[in-house]
Amino acid sequence: MAIYESYSEYYPSIYQKKDYLTETKALIAALVRSGLPQQSRILDVGSGTGRHVEAMQLLGFPSEGVEPSASMAEIALSRGVTTYVSQIENLRLDQLYDVCTALFAVVNYIHPSGLRTFFSALRSNLREGGLAALEIWGPNSPEPVDTSRDFQHKGREYIRSVAAEPEALTAWSLMISIIERESQRVVARERHRIYRHSLEVLQLAGQESGLKILSRRPVLLNPSSNFHETYLFRVER
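Okay, so let's go over this structure. (Residues numbered from 1 in each chain as written. Predicted model: local features only at pLDDT ≥ 70, side-chain atom pairs only at ≥ 80, totals over all residues. Heavy atoms only, no water.)

Take the sheet that holds strand 9 (residues 186-195) next. Strand order in the open sheet formed by 4 strands is 6-7-8-9, and the pairing between neighbours is antiparallel. In the strand order of this sheet, the two ends are held by strand 6 (147-153) and strand 9, each with one partner. Adjacent strand axes in the sheet meet at a mean angle of 20° when their direction is disregarded. The pairing of strand 7 (residues 156-168) with strand 8 (residues 171-180) spans 10 bridges and is classified as antiparallel. Within the sheet, the bridge partner assigned to A164 lies in strand 8 and is L174. (Pairing = 2+ DSSP bridges. Helix = DSSP H or I, 4+ residues; strand = E, 2+ residues; numbered from the N terminus. Axes fitted to C-alpha atoms, helices over the stretch in contact; angles between N-to-C directions.)

This is how it looks when you write it as structure tokens:
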């Protein structure tokens, strides 16, 4: 089952209160402290509907996205966000970036066996000395639990229901359903499999691909939530 396809239409409504700009300001501040020059070019990997890319552009950084879901990318493109419809591993461009970001737990959708390939793809799109920022469901994050969230979409009320089931010590299956409140009819459903990667595993995959972690202390883009942690890597010279 493809992910972020059947319920992509509802995604902007579900996350309309997510503060993309504040998160991006915190991210840019951390990158600047690590030596990021002004006007640096940024590629957001797994960019979804393009809201983080928009925030990066607003803060003065030329930015683009790459997104494997055609439905999500279509929303971003409709907002004027340059988005390549591709997996990062298959992306071939005639340019390099100063920064690659993978936010909102994009890395946790990657099976552990694919981490080195993912890091190698980041490295191949970065200039010498470039930076990567990975926001992850990390070793210090709480386990996912069943949740529900009410939201409105095109004037109608819906429920986003997430049922979380452990598959292993480090893997979870999330069944995400969009339910029309009045009729209780399921209008979209997707199963997402996520993996909790240890920092040691990420650090090793980065090193094997030419990316060195800058600090084992995470950056928190949203101080009010401890679910996601952000770690910075630099291309080794």
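Bringing the pairing of strand 11 (residues 229-235) into the picture now. With 6 of 7 residues buried, strand 11 lies mostly within the body of the structure. Note: strand 5 (residues 126-136) against strand 11, 6 bridges, orientation antiparallel. The residue bridging E135 from the neighbouring strand is T230, located in strand 11. Here 3 bridges tie strand 10 (residues 211-213) to strand 11, and the two strands are oriented antiparallel to one another. When the bridges of strand 11 are listed, I213 appears paired with F233. (Buried < 20%, exposed > 50% of the residue type's maximum accessible area, 1.4 Å probe, protein only.)

A few words now on the sheet that holds strand 4 (residues 97-102). The strand order across the open sheet formed by 7 strands is 3-2-1-4-5-11-10, and the pairing between neighbours is mixed. On the outer flanks of this sheet lie strand 3 (83-85) and strand 10, each paired with one strand and no other. Across the sheet, the mean angle separating the axes of adjacent strands is 25° when strand polarity is ignored. Sheet topology places strand 2 (residues 63-67) next to strand 3; 3 bridges connect them, and they run parallel. Residue pairing for strand 3: G65 is matched across the bridge by T83.

If charged atoms from side chains of opposite charge come close, those side chains can pair. Inspection of the entire model under this criterion finds 14 salt bridges. With a shortest N-O distance of 3.9 Å, R116 and E208 are connected by a salt bridge. Taken together, the residues R116 in helix 5 (residues 115-124) and E208 in helix 6 (residues 199-208) connect sequence positions 92 residues apart. According to the relative accessible area criterion, R116 is partly exposed, its value standing at 46%. Residues E180 and R156 are paired through a salt bridge, measuring 2.4 Å at the closest nitrogen-oxygen approach. Pair noted here: E180 is in strand 8 and R156 is in strand 7, with a separation of 24 residues, a long-range link. Given a relative accessible area of 6%, E180 falls into the buried group. For R156, a relative accessible area of 44% gives the class partly exposed. Members of the salt-bridge network, linked through shared partners, are R51, E54 and R79. (Salt bridge = Lys/Arg side-chain N within 4 Å of Asp/Glu carboxyl O.)

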